[in-house]
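A closer look at the structure
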Amino acid sequence: MTLRLLTVVGARPQFIKAAALSRVFQEANEIEEILVHTGQHFDPNMSDVFFTELDIPKPKYILDINGGTHGQMTGRMLEAIEKIFISEKPDATIVYGDTNSTLAGALAASKLHIPVIHVEAGLRSYNRQMPEEINRVLTDCVSSVLLCPTRTSVENLKKEGITQGVYHVGDIMYDATLYAIDCLKNNQLLNKKFSFLPEKFIFMTIHRAESTQSEETLKKIITFSENFSIEHNLEIIFPVHPRTKKLIDKYSGFLSEKFIVTEPFSYFETQYCLSKASFVLTDSGGLQKEAYFHRVPCITLRTETEWVETVEHGWNKLWINDSYCPRKNISDYGDGNCAEKILNILRNVLL
Ligand code: UD1
């Protein structure tokens with residue numbers, strides 16, 4: 001029997017996670033995967049580059065839905081994805097993480113009684129001001145198979161009364177990082193491209209709505225990062241997300257010569273820089289863990305994190321805290337075989 005799975009992706013981190021799982025699906029001949037790209041991220045360096053670099057098959061559907069308010073974006077996606085579900089009749093849908101594309105895919109499927117498989121279930125910041133938190137909570141509520149990256153995420157679901165179909169599988173991003181490290185061995189192209197990197201540097205990213213919602217907040221983040229770079233005598237490599245760029249362009253003069261500003265990096269480029277960085281400063285969820293995968297200390301430019309084990313094990317701290325916890329290895333994320341574990345669960349549950 002063949003299992004027809006419809007995967008919904010739309011934003012940069014989802015391309016990376018889906019690539020890691022699709023690679024394993026392609027080797028399993030009982031899975032047929034149909035890929036839908038909502039179009040939430042659309043610039044070539046936010047989307048196409050990931051498909052090329054990670055060998056992701058061309059999506060069967062590209063919806064080109066982006067911009068507008070959260071309600072508009074999610075609503076338009078919901079309507080378009082529902083039509084695809086009705087015509088494709090998949091056995092289940094796979095959604096990743098916490099974006100508007102995740103919620104739209106999960107809602108459309110659940111209303112049609114199509115089982116929802118949520119990769120990265122159970123993460124919580126307990127900050128309902130974040131659009132991502134609303135997306136996570138609602139997606140988990142309608143999911144049938146909840147694939148948790150950490151033990152804390154399993155516990156978070158239990159507190160909300162969700163115990164059925166919950167599995168701790170580790171972090172699919174760790175699978176992806178190991179794959180990248182393997183591909184990057186002796187990569188002369190990247191060695192050449194990044195010959196401009198200082199010997200030691202800070203790697204920084206900012207994209208969240210809360211970080212970029214006002215000039216004041218963004219300035220606070222920039223000032224903190226600049227002071228940190230002066231204190232450590234390091235420059236900052238800063239690939240800028242389009243949302244952040246809009247604000248920086250509006251208030252020109254934001255950034256001092258400590259910042260080396262670039263276009264967004266591809267996945268391999270990011271992993272390359274992380275492997276050489278001395279510190280990571282970020283508001284991204286993914287980068288907090290990737291910093292750990294490369295054993296680089298991280299400062300999260302937020303007042304809370306969903307990835308609490310990175311803080312508890314001393315590899316990450318919130319910018320409002322003074323010091324790191326004692327440093328230990330993190331076992332929660334698994335050993336790079338999250339995709340295989342997911343495949344086995346789907347075989348048992350759905351076939
Ligand atoms: C989204 C997700 C966030 C995830 C992040 C990964 C939601 C609510 N947020 O945030 O959970 O961590 O993706 O990067 O779904 N833009 C461009 N070009 C692009 C992409 C976006 O110009 O290729 C612009 C958009 O038009 C918008 C802004 O950047 O004005 C923000 O994009 P959006 O998709 O709303 O959210 P992200 O901040 O990327």
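Residues numbered from 1 in each chain as written. Predicted model: local features only at pLDDT ≥ 70, side-chain atom pairs only at ≥ 80, totals over all residues. Heavy atoms only, no water.

1. Examining the packing of aromatic side chains
We count it as follows: Any two rings among Phe, Tyr and Trp, with Trp reduced to its six-membered ring, count as a pair given centres within 6.5 Å; such a pair is stacked if its planes are under 30 degrees apart, edge-to-face if over 60, and tilted if neither. Helix and strand definitions here come from DSSP, where helices need a minimum of 4 consecutive H or I residues and strands a minimum of 2 consecutive E residues; each element is numbered from the N-terminal end. Only protein chains enter the area calculation, which uses a 1.4 Å probe; residues under 20% of their type maximum are buried, those over 50% are exposed, and those in between are partly exposed.
In this structure the tally under the stated criterion is 17 aromatic pairs. Measuring from centroid to centroid gives 6.2 Å for F15 and F50, while their planes differ by 45 degrees, and the two rings are tilted. Of the two residues, F15 sits in helix α1 (residues 12-27) while F50 sits in helix α2 (residues 48-53), which places them 35 residues apart along the sequence. The burial state of F15 is the same as that of F50; both residues are buried. Residues F194 and Y272 carry aromatic rings whose centres are separated by 5.2 Å and whose planes lie at 20 degrees to one another, so their mutual orientation is stacked.

2. Considering the site of the ligand
We count it as follows: Here, proximity means that at least one heavy atom of the residue falls within 4 Å of the molecule or strand. The definition of a polar contact used here is a pair of N or O atoms within 3.5 Å, where within protein one atom must be able to donate a hydrogen and the other to accept one, and adjacent residues in sequence count solely through side-chain atom pairs. Method for areas: the Shrake-Rupley scheme with a 1.4 Å probe, in which residue coverage is limited to the protein chains shown. In this classification, Asp, Glu, Lys and Arg are treated as charged, Ala, Val, Leu, Ile, Met, Phe, Trp, Tyr, Cys and Pro as nonpolar, and every other residue, Gly included, as polar. The split into domains, and so the bounds of each, comes from an automatic or database assignment of domains.
Near the ligand there are 20 residues, and of these H41, D43, N100, H241 and K246 occur at the shortest range. A distance of 2.9 Å is found between an oxygen atom of the ligand and a side-chain nitrogen or oxygen belonging to Q40. Within the contact set of the ligand, an oxygen atom lies 2.8 Å away from a side-chain nitrogen or oxygen of H241. Protein coverage of the free-state accessible area of the ligand, which is 750 Å², stands at 89%. Mapped by element, the contributors of at least two residues to the shell around the ligand are α3 (70-88), α5 (131-141) and α11 (242-250). Residue classes in the shell around the ligand are distributed as seven nonpolar, eight polar and five charged. A domain-level breakdown of the shell around the ligand finds at least three residues from each of domain 1 (3-171 + 334-350) and domain 2 (180-318).

3. Description of the sheet that holds strand β2 (residues 31-37)
Our working definition: Strands were regarded as paired on the criterion that DSSP finds at least two bridges between them. Note on contacts: a residue pair qualifies if any of its non-hydrogen atoms lie within 4.5 Å across the two residues. Only the contacting stretch of a helix is used when fitting its axis, a line to C-alpha atoms as for every element, and angles between N-to-C directions run 0 to 180 degrees.
Here seven strands make up an open sheet; going across it, the order is β3-β2-β1-β4-β5-β6-β7 and the pairing parallel. Strands with a single pairing partner mark the edges of an open sheet, and in this sheet they are β3 (61-62) and β7 (166-168). Bridge count between strand β1 (residues 3-9) and β2: seven bridges; the pairing is parallel. Looking at the pairing, V9 lines up with H37 of β2. Against the sheet, α3 touches β1, β2, β3 and β4 (92-96), its axis set at about 170 degrees to β1.

4. Brief notes about unusual backbone geometry
Residue E120 is not a glycine yet carries a positive backbone phi of 85 degrees. Classification of E120 by relative accessible area gives buried; the value is 8%. Despite not being glycine, Y126 has its phi angle at roughly 60 degrees, a positive value. Inspection of the secondary structure assignment puts Y126 in the loop between β5 (116-119) and α5.

5. Topic: the pairing of β2
For clarity, the cut-off: Throughout, right-handed denotes a crossover for which the path from the first strand over the helix to the second runs clockwise when the strands point away from the viewer.
Counting buried residues in β2 gives five out of seven residues, a clear majority hidden from the surface. Chirality of the crossover, the property in question, places the unit of β1, α1 and β2 among those that are right-handed. The sheet contact formed by β2 and β3 spans two bridges and is parallel. Among the inter-strand pairings, V36 is bridged to a residue of β3, identified as Y61. Viewed along the sheet, the connection from β2 through α2 into β3 turns out right-handed.

6. Focus: the environment of D64
Relative to the elements of secondary structure, D64 occurs in the loop between β3 and α3. Considered as a pair, D64 and A28 are 36 residues apart in the sequence and their alpha carbons are 30 Å apart. With residues up to four places along the chain from it excluded, the contact list for D64 reads H37, T38, G39 and R76.

7. Some points on the domain arrangement of the chain
Formally: Put simply, buried area is how much 1.4 Å-probe accessible surface two parts lose in total, over both of them, once they are put together. Each salt bridge in this description consists of a side-chain nitrogen of Lys or Arg and a carboxyl oxygen of Asp or Glu lying within 4 Å of one another.
Annotation of the chain at the domain level lists domain 1 (3-171 + 334-350) and domain 2 (180-318). Each partner contributes to the interface: domain 1 provides 22 residues, whereas domain 2 provides 20 residues. Where domain 1 abuts domain 2, roughly 1800 Å² becomes buried across the two surfaces, and 58% of that area is made up of carbon and sulfur atoms. Contact with domain 2 buries area across many residues of domain 1, yet N45, E53 and D171 alone supply 25% of it, more than any other trio. Counting every contact that joins domain 1 to domain 2 gives four salt bridges. Here K289 ties to D171 by a salt bridge, and the two come within 2.9 Å at their closest N and O atoms. Counting the contacts that link domain 1 with domain 2 gives eight residue pairs in polar contact (both at pLDDT 80 or more).

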